[in-house]
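Structural overview for review
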Amino acid sequence: MRLCRQCLSLIGKGELSEECEACCNAFDRVEEFAESIVKKLSGYEFQTFNVGSRVWGSVRALHELLEGRGIEYNMKREFNDSLGRKISELGGKIRSPKPDINVIFDLETFNFELQIRPVYIYGRYIKRVRNISQTRWICGFCMGKGCEICNFTGKKYGTSVEELISTPTIRIFEAKDAKLHGAGREDVDARMLGRGRPFVLEVIDPRKRFVDLEELERTINEYARGKVKVLGLEYTDSKMVREVKMERHRKRYRVKIAFDDEVSTESLVKALESLKGEIRQRTPKRVVHRRSDRVRVRRVYDTKLLFHSGRVAVVEIDAEAGLYIKELVSGDDGRTQPSLSSILGVNGRVEKLDVLDVFD
């Protein structure tokens, strides 16, 4: 087998030649490859990088042939190290096992691609208006293509918390996209007030990584025009996405309730007191089409009557994560036990719902 000097040292036997049958002279062209990669990398802000390579086709067949003959051929590892050293030398960046950018080199075609690690930003958002979804909600009739139902927007709602936060962020980071990961979500028709809901924004394929987050916060809040406000932005990592989504945050709600008949203040106060404790709640009818139909046990920690007049009441409820507040009031045709309606013996429904706090 005709081999270059590098492959000959790896394989251990063969004929030294200017035309390498093993690597197709990839080792001789490392500087050329590194120059192209450094030029492409110059369009990105980053501190660390790493190099990986991909083998397939004839290169992979050669590896398998040599392995079958008991010859260990570490071309990938040697090539990665050689290319990594040259990129570091030319670009002045540090090679790291947890890099900002991964360079993946194809040893069959001699092409490469850049895998950009997302930027993660933690914060809290306040949603001051109703009828805005947390994330992009695609129109179910046209599946995002645009139709008369959605006014050819492709979306069920005009905008979302995710879009109001993401749009200026994508522009500032020169990113491809951004995805919002929230600590739970409020109903579309509910407001998120108080200290706001924890979230992590995943900024995808950013060309910039080192943005002043105080300036980003001001820009987002100006763009959202009072509909949404973000606060406490700070850089984090991918682990925080899991923590934010998995942690069971206790919440406090303010609820405006309309009853079918008048109730006395005394009976209402007693009913609210009786509501404290364990609630057995079967998946509500309004969401059972997208969630498993099962019974969950959740707790109501505290209740408080803020206002009452005839058929209208305003109530504060402190509850465990995962408790559906609208069904806690209405009973959802017996799917939630106990409910405020079942205790009072009078049907009630939630007219307005605000989330006042999401506890750490």
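One can find the structure itself at the top, above this paragraph.
These notes cover the structure that comes with them.

Parameters and conventions
- Residues numbered from 1 in each chain as written.
- Predicted model: local features only at pLDDT ≥ 70, side-chain atom pairs only at ≥ 80, totals over all residues.
- Heavy atoms only, no water.
- Helix = DSSP H or I, 4+ residues; strand = E, 2+ residues; numbered from the N terminus.
- Buried < 20%, exposed > 50% of the residue type's maximum accessible area, 1.4 Å probe, protein only.
- Contact = heavy atoms within 4.5 Å.
- Expected span 1.5 Å × (residues − 1).
- Arc of directions from axis to C-beta.
- Polar contact = N/O pair within 3.5 Å; in protein donor to acceptor, adjacent residues only side chain to side chain.
- Phe/Tyr/Trp six-rings, centres within 6.5 Å; stacked < 30°, edge-to-face > 60°.
- Lys NZ or Arg CZ within 6 Å of the ring centre and 35° of its normal.
- Core = buried A, V, L, I, M, F, W, Y, C linked by side-chain atoms within 4.5 Å.
- Axes fitted to C-alpha atoms, helices over the stretch in contact; angles between N-to-C directions.
- Parallel < 35°, antiparallel > 145°, perpendicular 65-115°, else oblique.
- Left-handed = near helix turned anticlockwise from the far one by under 90°.
- Pairing = 2+ DSSP bridges.

This paragraph deals with the environment of Met75. Tracing the sequence through the fold places Met75 in helix 4 (residues 75–91). Residue Met75 is classed as buried on the basis of its relative accessible area, which comes to 0%. Spatially, the C-alpha atoms of Met75 and Leu10 are 7.5 Å apart, while their sequence positions differ by 65 residues. Residue contacts for Met75: discarding those within four places in its chain leaves Leu10, Ala22, Cys23, Phe27, Val59, His63 and Leu107.

With 12 residues, helix 6 (residues 213–224) extends 16 Å from end C-alpha to end C-alpha; this agrees with the ideal 16 Å at 1.5 Å per step. Inspection of helix 6 places Leu213, Leu216, Thr219, Ile220 and Ala224 among the buried residues, and these make up the whole buried set. Projected onto a plane normal to the axis of helix 6, the buried residues spread over an arc of 125° and lie on a single side. In helix 6, the exposed residues that point more than 90 degrees away from the buried face are Glu214 and Glu222. Where helix 6 starts, the residue carrying a side-chain oxygen 3.0 Å from the main-chain nitrogen of Glu214 turns out to be Asp212. Phi turns positive one or two residues past the end of helix 6, at Arg225, with a value near 50°.

Time to look at the packing of aromatic side chains. Each aromatic ring pair is described using two quantities: the centre-to-centre distance and the angle formed by the ring planes. Going through the model one piece at a time under the given rule, you end up with 7 aromatic pairs. Both rings, one in Phe79 and one in Phe105, keep their centres 5.1 Å apart while their planes meet at 45°; by these two values the pair is tilted. Placement of the pair is Phe79 in helix 4 and Phe105 in strand 5 (residues 101–106), with a sequence separation of 26 residues. Neither Phe79 nor Phe105 differs from the other in exposure class; each is buried. One aromatic cluster in this structure is built from Phe27, Phe33, Phe79, Phe105 and Phe110. The ring of Tyr301 is capped by Arg250, whose NZ or CZ atom sits 4.0 Å from the centre of that ring.

What follows covers the nonpolar core. Core analysis: the largest hydrophobic core is formed by 51 residues, its most contacted members being Ile165, Phe259, Ile325 and Leu340. Among the elements that line this core, the one with the most residues is helix 5 (residues 161–173), at 5 residues. Excluding residues that lie within four positions of it along the chain, Phe259 makes contacts with Leu268, Arg311, Ala313, Leu340, Leu344, Val346, Asn347 and Gly348. With 37 residues, the next largest nonpolar core counts Leu3, Ala22, Phe105 and Phe110 among its residues.

Along the chain, Lys326 falls in helix 9 (residues 325–330). Of the polar contacts made by the side chain of Lys326, one reaches the side chain of Asp189; its length is 3.0 Å. Apart from the residues within four sequence positions on either side, Lys326 is in contact with Asp187, Asp189, Arg286, Val350 and Leu353.

Attention shifts here to unusual backbone geometry. Geometrically, the link from Gln337 to Pro338 is a cis peptide bond, its omega value of -10° lying close to zero. Within the secondary structure, Pro338 is located in the loop between strand 15 (336–337) and helix 10 (340–344). Backbone geometry places Cys24, a non-glycine residue, at a positive phi of 55°. Within the secondary structure, Cys24 sits in the loop between strand 2 (15–16) and helix 2 (30–41).

For the pair helix 2 and helix 4, the least separation of the axes is 9 Å and the interaxial angle reads 55°. In this view, helix 2 runs oblique relative to helix 4, as classed from their interaxial angle. For helix 2 against helix 4, the interelement crossing comes out right-handed. Facing Val30, Glu31, Phe33, Ala34, Glu35, Ile37, Val38 and Leu41 of helix 2, the residues of helix 4 in contact are Phe79, Ser82, Leu83, Lys86, Ile87, Leu90 and Gly91.

Glancing now at the sheet that holds strand 4 (residues 94–95). In space, the 4 strands of this open sheet follow the order 4-3-5-6, with mixed pairing throughout. The strands lining the two open edges of the sheet, one partner per strand, are strand 4 and strand 6 (112–116). The pairing of strand 3 (residues 48–54) with strand 4 spans 2 bridges and is parallel. Across the sheet, the residue bridging to Thr48 is Ile94, located in strand 4. Running at roughly 40° to strand 6, helix 2 makes contact with strand 5 and strand 6 of the sheet. Sheet contacts for helix 4: strand 3, strand 4 and strand 5; angle to strand 3, the most-contacted strand, approximately 145°.

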